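Listed here are the chains, written in short residue letters.
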2 protein chains.
Amino acid sequence: MPGLSVWSVEGVGEVVPGDDLADLIARALDRAGETLADGDVLVVASKIVSKAEGRLVPAEDREDAITAEAVRVVASRPRRDGGATRIVETRHGFVMAAAGVDASNVPAGHVLLLPVDPDGSARTLAAGLRGSSGARIGVIVTDTFGRPWRQGQTDLAIGAAHVRVVADHRGGHDAHGRPMTASVTALVDEIAAAADLVKGKAGGLPVAVVRGLDVVTDEAGPGVASLVRGAESDMFRLGSDEAFAAGHAAGLRMAQELGERPVGEHAPETRP
Amino acid sequence: MPGLSVWSVEGVGEVVPGDDLADLIARALDRAGETLADGDVLVVASKIVSKAEGRLVPAEDREDAITAEAVRVVASRPRRDGGATRIVETRHGFVMAAAGVDASNVPAGHVLLLPVDPDGSARTLAAGLRGSSGARIGVIVTDTFGRPWRQGQTDLAIGAAHVRVVADHRGGHDAHGRPMTASVTALVDEIAAAADLVKGKAGGLPVAVVRGLDVVTDEAGPGVASLVRGAESDMFRLGSDEAFAAGHAAGLRMAQELGERPVGEHAPETRP
């Protein structure tokens, strides 16, 4: 019965810029009478990492903040409220709605941005918690992502340190001796999802402990940056409408260049 | 400390067509000395559901089987081995690589197709396990999915019965009284991911128990079918290349149609 346990850490409390988050978590664990053990993974919502790192910034307009955080718009759709839902690529290479810019649970006139370097944040947290606990732990920083094709959101890892990022079964064989397909499991994302089940959204429980997995490593490791898919293997680099529009424009251009009559000068005269 | 435990059920053994899967699982639990409790969620890999339901079919060619299972090709890319990676929409509305057609862990010359009605499979399993255990349990049937934009696969739910599919926080407010964003959690998918962490891929542990969540319902519920995103809200209905190509063709057509309009005496002549 190889099993895992997941529970949330109560009493981390409100986090403000400059807080030593590892220390806050260690003290919350202490107060709860909990001791970290070798192999534990601490799963921490990016929200409190961002707050500790001073990523709560004044912003009149969330949309402007999203624009500033995005390096590329992947897809955009008008919303009923007159705005637009924008799926963008962040500086980290994550593709997500609104660049992870959060306007809930923050003071009016402010937005919360993602950590600048979530893998680095995870390394700092892991170093602090390893120091105070003496335990060989790993850290995952998470955020909430929507999905194409499926309703609802799930938590994914945006930063990781001292945790095996994937379980790579490639080259392995099944019970019939045939090569395994579908064989690279995104461990950190499955751990992030498991932790979200106990963290709760409105409940303000931003830290969870996952115990019972064999995923903690001595090295800090490549982090979640290693999960980002490069453009060359990205079959959904643009939204369908955006790619169609780009293709349409290219088709018109091609027709023009092929020596067809210049497009646009053929607009029929509707006035006498 | 609201927490959950997840463990795999050993000894389910090889599954063959016509097996009563609920009975196989109940007996494996018995042998392991485990008792299901109210609120437990049984997470079952689609592979053994398909096998019990006779979805192991002879197929000379996996590619033909994929074509037969797909209702629509979403995106396609040539593979190094000369074939093509095809992301397709299945009859259920799932968008996934290879239509979930599995050629690993099956006899040569055969492929394993997804269950015809995974929510129905989950209902049947739940009824059987509720009957034998007397416990108020829920069932999730899972499969492994790749993701756009991120490397690696995670397990998602493809069928569910007697489990709350989502936790809907919409209309809720944060600690500052502001409306929550990102507020519909895909519970069944997060549970599927958590279960995968203990099930293992090559290890042949296709059943897990998740205990400690408040998600089991009296009604069978809407199932995973309710998570499928409709075309109208799908911003990634086609792969970028496919949408670009469709747009390109439409652009050329438009240029042609414009060019075929009767040319008036004032239309500029571009050719001598």
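The name that an unreviewed UniProt entry assigns to chain A is Coenzyme F420-0:L-glutamate ligase, with the source organism given as Demequina litoralis.

(A) Fine view of the interface of chain B and chain A. Opposite the 96 residues of chain B that make contact, chain A presents 96 residues. With both chains or domains summed, chain B and chain A bury close to 8300 Å², and 58% of this area falls on carbon and sulfur atoms. Scanning the region where chain B abuts chain A turns up four salt bridges. Summed over the shared surface of chain B and chain A, the number is 38 residue pairs in polar contact (both at pLDDT 80 or more). Where the side of chain B that touches chain A is concerned, the elements lending two or more residues are strand 1 (3-8), strand 4 (70-78), strand 5 (84-90), strand 8 (138-146), strand 9 (153-161), strand 11 (184-185), helix 5 (187-199) and helix 6 (240-259) of chain B. With 13 residues, the top contributor of residues to the side of chain B that touches chain A is helix 6 of chain B. Of the residues belonging to the side of chain B that touches chain A, the class tally is 49 nonpolar, 28 polar and 19 charged.

(B) Structural view of the packing of helix 5 (residues 187-199) of chain A against helix 5 of chain B. Running from amino to carboxyl end, helix 5 of chain A crosses helix 5 of chain B at an angle of 125°, the nearest separation of the two axes being 8 Å. The angle between helix 5 of chain A and helix 5 of chain B places the two elements in the oblique class. For the element pair helix 5 of chain A and helix 5 of chain B, the recorded crossing hand is left-handed. Residue-level contacts link A:L187, A:E190, A:I191, A:A193, A:A194, A:D196 and A:L197 of helix 5 of chain A to B:L187, B:E190, B:I191, B:A193, B:A194, B:D196 and B:L197 of helix 5 of chain B.

(C) Region of the structure containing the nonpolar core. Ranked by internal contacts, the top residues of the largest apolar core, which has 116 residues, are A:L21, A:I191, B:L21 and B:I191. If sequence neighbours within four positions are ignored, A:L21 has contacts with A:V15, A:V44, A:I48, A:V49, A:A52 and A:L125. Listed in part, the 14 residues of the second largest apolar core include A:V95, B:A75, B:V95 and B:F236.

(D) The arrangement of the pairing of strand 12 (residues 207-211) of chain A in detail. Residue and element names in this part refer to chain A. Most of strand 12 sits inside the fold, with four of its five residues counted as buried. Looking at chain direction, strand 1 (residues 3-8) and strand 12 are connected through four bridges and run antiparallel. Across the sheet, V6 pairs through a bridge with V210, a residue of strand 12. Here strand 2 (residues 41-45) runs beside strand 12; their pairing, made up of four bridges, is antiparallel. Bridging from a neighbouring strand, V41 pairs with V210 of strand 12.

Calculation criteria
- Residues numbered from 1 in each chain as written.
- Chains lettered and ligands numbered in written order.
- Predicted model: local features only at pLDDT ≥ 70, side-chain atom pairs only at ≥ 80, totals over all residues.
- Heavy atoms only, no water.
- Contact = heavy atoms within 4.5 Å.
- Buried area = accessible area lost by both parts, 1.4 Å probe.
- Salt bridge = Lys/Arg side-chain N within 4 Å of Asp/Glu carboxyl O.
- Polar contact = N/O pair within 3.5 Å; in protein donor to acceptor, adjacent residues only side chain to side chain.
- Helix = DSSP H or I, 4+ residues; strand = E, 2+ residues; numbered from the N terminus.
- Nonpolar A, V, L, I, M, F, W, Y, C, P; charged D, E, K, R; others polar.
- Axes fitted to C-alpha atoms, helices over the stretch in contact; angles between N-to-C directions.
- Parallel < 35°, antiparallel > 145°, perpendicular 65-115°, else oblique.
- Left-handed = near helix turned anticlockwise from the far one by under 90°.
- Core = buried A, V, L, I, M, F, W, Y, C linked by side-chain atoms within 4.5 Å.
- Buried < 20%, exposed > 50% of the residue type's maximum accessible area, 1.4 Å probe, protein only.
- Pairing = 2+ DSSP bridges.

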